[in-house]
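Inside the fold
Here are the chains, one letter per residue:
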Amino acid sequence: RSISNTSINYPVVQANNNDKYLTYSFDGTKNPNGWIFLDYRNDSMNLDRNNIIYGHSGNYYVMFGSLKMVLKPSWYKNSNNQYITYNTASNSKKWHIFSIYTIDVTTDYLVTEFDTDEEYVNFLTRLKERSIYDFGDNLNADDKIITLSTCYGTGSQRLVIHAKLTK
C-alpha cells in the first residue's frame, strides 16, 4: 500500500476478477488509471503465500507510476527504501523487498497456490535469482510474500517487486 520514496500510498481493493480495477476506481467510478488491487484468488484477510497486487504505471504520479524509481541503484541500495507497508483490515504489516526485476510478459510469478513446500521454496528461489540486486534475505516455506506487478516500457514487459513479511 505504501512504498518509501515513491508516490504510492493507496488502499488496495479486490474484486471477483482481475479486470474490474483496470478501468475503475475504488469507489466504482470509471477511471483510466484504474486502481491498486489484490488478485481475486488471494485471501485478503488471512494472506496467502504469494499475495499479488497489480496497478497501472502509465502516469508517473498516480497508481504504480512512480514504481520505476525502484530500478535506480540510488533507490534500491538505500535500506530505508527496502520496506513496504501493506496493511490488512486487522493488522499493520511490514514487508522487506527481496527481489526487483523487469521481465517479458509471463505469468510464472503470478502463482497463488503451491502443492508442496518444496515447490514453494523453488518458486521463491527463482524470484530471488531474478533480482537486479541481492537484498540479503533468506527465504523459506513459512514466508509469506507480496508481489507488486505493473507494466514496464512499451507494455511488453513487467516491473516486478517481491517482498517478504517481516512483522
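Everything here concerns the structure above.
Chains are numbered independently. Their residues run from 1 in the order of the written sequence. Totals for whole chains, interfaces and linings use every residue, but because this is a predicted model, local features are given only for residues with pLDDT of at least 70 and side-chain atom pairs only at 80 or more, for both listing and counting. Based on all heavy atoms of the structure, the side-chain values leave hydrogens and waters out of the count.

1. Focus on the pairing of strand 4 (residues 50-54)
Convention followed: Partly exposed describes any residue whose relative accessible area lies between the buried limit of under 20% and the exposed limit of over 50%, with all areas from a 1.4 Å probe on protein chains only and scaled to the type maximum. Starting at the N terminus, helices and strands are each numbered in turn, a helix being any DSSP run of H or I of at least four residues and a strand any DSSP run of E of at least two. When DSSP locates at least two bridges between a pair of strands, those strands are taken to pair.
With five of its five residues buried, strand 4 lies for the most part within the structure. Where burial is concerned, the two faces of strand 4 agree: the one with Asn 50, Ile 52 and Tyr 54 and the one with Asn 51 and Ile 53 are both buried. One ladder, built from two bridges, connects strand 3 (residues 37-38) with strand 4; its direction is antiparallel. Counterpart to Leu 38 in the pairing with strand 4 is Ile 53. Alignment of strand 4 against strand 7 (residues 145-152), held across five bridges, turns out to be parallel. Residue pairing for strand 7: Tyr 54 is matched across the bridge by Ser 149.

2. Regarding a negative patch on the surface
As a reminder of what qualifies: Candidate patch residues must exceed 30% relative accessible area and have no salt bridge, after which like charges are joined if within 9 Å and Val, Leu, Ile, Met, Phe, Trp or Tyr side chains if within 5 Å. Here the accessible surface of atoms and residues is derived via Shrake-Rupley with a 1.4 Å probe, and residues count as covered only by protein chains that are part of the display. Salt bridge, as used here, is a side-chain nitrogen of Lys or Arg placed within 4 Å of a carboxyl oxygen of Asp or Glu. We score Asp and Glu as negative and Lys and Arg as positive, and we do not count His or the chain ends. Charge positions are represented by NZ for Lys, CZ for Arg, CG for Asp and CD for Glu.
Taken together, Glu 113, Asp 115, Glu 118 and Glu 119 make up a surface patch of like negative charges. Relative to the assigned elements, Glu 118 resides in helix 3 (residues 117-130). Since its relative accessible area comes to 58%, Glu 118 is described here as exposed.

3. A few points about the side chain of Ser 131
Heads up, the rule is: Any two residues having at least one pair of non-hydrogen atoms within 4.5 Å are treated as being in contact.
The topology assignment puts Ser 131 in the loop between helix 3 and strand 7. Among residues more than four places away in sequence, those in contact with Ser 131 are Phe 98, Ser 99, Ile 100 and Tyr 101.

4. Topic: the pattern of salt bridges
For the coordinates displayed, the defined rule picks out four salt bridges. Where Asp 108 meets Arg 126, a salt bridge forms, and the shortest distance between an N and an O atom there is 3.9 Å. In this pair, Asp 108 is assigned in the loop between strand 6 (94-104) and helix 3 and Arg 126 in helix 3, connecting sequence segments 18 residues apart. Owing to a relative accessible area of 25%, Asp 108 belongs among the partly exposed residues under this scheme. Salt-bridge contacts for Asp 108 lead to Arg 130; the nearest nitrogen and oxygen are separated by 2.4 Å. Pair noted here: Asp 108 is in the loop between strand 6 and helix 3 and Arg 130 is in helix 3, with a separation of 22 residues, a long-range link. Taking the relative accessible area as the measure of exposure, Arg 130 reaches 22% and is therefore partly exposed.

5. Focus: the pairing of strand 8 (residues 157-165)
Counting buried positions over the nine residues of strand 8 gives seven, a clear majority of the element. Taken together, the nine bridges between strand 6 and strand 8 define a ladder with antiparallel strand orientation. Looking across to strand 8, one finds that Trp 95 is bridged to Leu 165. The sheet contact formed by strand 7 and strand 8 spans eight bridges and is antiparallel. Bridge pairing links Ile 146 to Ala 163 in strand 8. Between the antiparallel neighbours strand 7 and strand 8 lie four residues, among them Gly 153 with a positive phi of about 65°.

6. Some words on the nonpolar core
This is how it is decided: In plain words, nonpolar cores are sets of buried Ala, Val, Leu, Ile, Met, Phe, Trp, Tyr and Cys residues tied together by side-chain atoms within 4.5 Å.
By size, the foremost hydrophobic cluster in this structure holds 41 residues, and its most contacted members are Ile 84, Ile 97, Ile 100 and Ile 161. Mapped onto this core, the elements with two or more residues apiece are strand 3, strand 4, helix 2 (73-76), strand 6, helix 3, strand 7 and strand 8. In terms of residues, this core owes the most to one element, strand 6, which gives six residues.

7. Points about the environment of Asn 140
Here is the rule: In protein, a polar contact requires one atom able to donate a hydrogen and another able to accept it; more generally it is a pair of N or O atoms within 3.5 Å, and residues adjacent in sequence count only if both atoms are side-chain atoms.
Within the element layout of this structure, Asn 140 appears in the loop between helix 3 and strand 7. Sequence separation between Asn 140 and Leu 124 is 16 residues; the distance between their C-alpha atoms is 7.9 Å. Engagement of the side chain of Asn 140 in a polar contact is seen with the backbone nitrogen of Asp 142, the distance being 2.8 Å.

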